[in-house]
Amino acid sequence: MAAEGLITIASSYGPQDTMSRLEAEVRAKGLTVFAHVDHAAGAAAAGLPLRPTDLLIFGNAKGGTPLMQAVQTMGIDLPLKVLVWQDAAGRTWLSYNDPGWLAQRHGLGAAVEPVIAALSNMLEAVTTAAAAQQQ
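What you see is a predicted model, and the numbers here were worked out from it, not measured in a lab.

Concerning the packing of helix α1 (residues 15–28) against helix α5 (residues 113–131)
Logical step 1: Between α1 and α5, whose axes approach to 8 Å, the crossing angle comes to 140 degrees. Classified by the angle their axes make, α1 and α5 are oblique. Between α1 and α5 lies a crossing whose hand is right-handed. Residues T18, R21, L22, E25 and V26 of α1 touch α5, and the partners they reach there are V126, T127, A129 and A130.
Logical step 2: Residues that form the contact of α1 with α5 fall into these classes: five nonpolar, two polar and two charged.

Remarks on the sheet that holds strand β5 (residues 92–97)
Logical step 1: Strand order in the open sheet formed by five strands is β1-β5-β4-β3-β2, and the pairing between neighbours is antiparallel. The open sheet has two free edges, formed respectively by β1 (6–10) and β2 (32–38), since each of these has just one partner strand. Strand-to-strand twist across the sheet, computed as the mean angle between neighbouring axes with direction ignored, equals 20 degrees.
Logical step 2: Note: β2 against strand β3 (residues 53–59), six bridges, orientation antiparallel. Pairing of H36 across the sheet is with L56, part of β3.
Logical step 3: This element, α5, spans β1, β3, β4 (80–86) and β5 of the sheet and lies at about 170 degrees to β5.

Describing the nonpolar core
Among soluble globular proteins, nonpolar side chains are generally buried collectively.
Logical step 1: The biggest cluster of nonpolar side chains holds 26 residues, and the ones touching the most others in it are L22, V26, F58, L67 and M122.
Logical step 2: Those elements that place two or more of their residues in this core are α1, β3, β4, β5, α4 (99–106) and α5.
Logical step 3: The greatest single-element share of this core, amounting to seven residues, is contributed by α5.

Notes on the packing of α4 against α5
Logical step 1: Look at α4 against α5: their axes get within 8 Å of each other, and the N-to-C directions meet at 145 degrees. Here α4 contributes P99, G100 and A103 to the contact with α5, which in turn contributes I116, L119, S120 and L123.
Logical step 2: Of the residues belonging to the contact of α4 with α5, the class tally is five nonpolar, two polar and no charged.

Details of α4
Logical step 1: Considered for burial, the residues of α4 that qualify are P99, L102, A103 and H106. Burial along α4 is one-sided: seen end-on, the buried residues are contained in an arc of 100 degrees.
Logical step 2: Its buried side turned inward, α4 meets β5 and α5.
Logical step 3: Near the N-terminus of α4, the side chain that reaches the backbone nitrogen of G100, with its oxygen 3.0 Å away, is that of D98.
Logical step 4: Two residues or fewer past α4, G107 is found with a positive phi of approximately 70 degrees.

Calculation criteria
- Each residue is numbered by its place in its chain's sequence as written, counting from 1.
- Selection of residues for local features in this predicted model requires a pLDDT of at least 70, selection of side-chain atom pairs for listing and counting requires 80 or more, and totals for whole chains, interfaces and linings are taken over all residues.
- Heavy atoms from the whole structure form the basis of all side-chain values; hydrogens and water molecules are not counted.
- All axes are obtained by fitting lines to C-alpha atoms, using only the stretch in contact for helices, and the reported angles, taken between N-to-C directions, cover 0 to 180 degrees.
- Numbering goes from the N terminus for both helices and strands, where a helix is a DSSP run of H or I of at least four residues and a strand is a run of E of at least two.
- Between 65 and 115 degrees an angle is taken as roughly perpendicular, under 35 as roughly parallel, over 145 as roughly antiparallel, and anywhere else as oblique.
- What makes a crossing left-handed is the near helix being turned counterclockwise from the far one by less than a right angle; a clockwise turn instead makes it right-handed.
- The contact rule is simple, with two residues in contact once any of their heavy atoms fall within 4.5 Å.
- Residues are grouped as follows: Ala, Val, Leu, Ile, Met, Phe, Trp, Tyr, Cys and Pro are nonpolar; Asp, Glu, Lys and Arg are charged; all remaining types, including Gly, are polar.
- Strand pairing follows a simple DSSP-based rule, namely that at least 2 bridges must link the two strands.
- Residues belong to one nonpolar core when they are buried, are Ala, Val, Leu, Ile, Met, Phe, Trp, Tyr or Cys, and are joined through side-chain atoms within 4.5 Å.
- Accessible area is worked out with a 1.4 Å probe on protein chains only. A residue is then buried under 20% of its type maximum, exposed over 50%, and partly exposed in between.
- Relevant arc is that of directions from the helix axis to the C-beta atoms, nothing else.
- For this analysis, a polar contact is any N or O atom pair within 3.5 Å, provided that within protein one partner can donate a hydrogen and the other can accept it, and provided that sequence-adjacent residues contribute only side-chain to side-chain pairs.

As structure tokens, then:
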């Protein structure tokens, strides 16, 4: 069952390679990586099992600030995040919040539609590049 507002794509790589590729793609776009949260490592430290579940938090002020200027509550969903995770069958996935869904959630108006479109295109580009097998 898919979560509302969540976009998920399959990766051709394992979790570690997918995350490395994602981080490289994000940096290549000139975005800042703010944090890398390894949930599986945190679970292991607490003595709990968790398949690879790794979160990358990134963005840039020029992209996010106009959205928060329009509706400040948008700050709860920024910076952007992509989760790299492995399912029970061993497949690796990338999941992220659909910027269009976030815009609707926060009641953003038409004035920021170009920013939402740019974020959507960028997220699709970096996740697809991270997940796709090279030709």
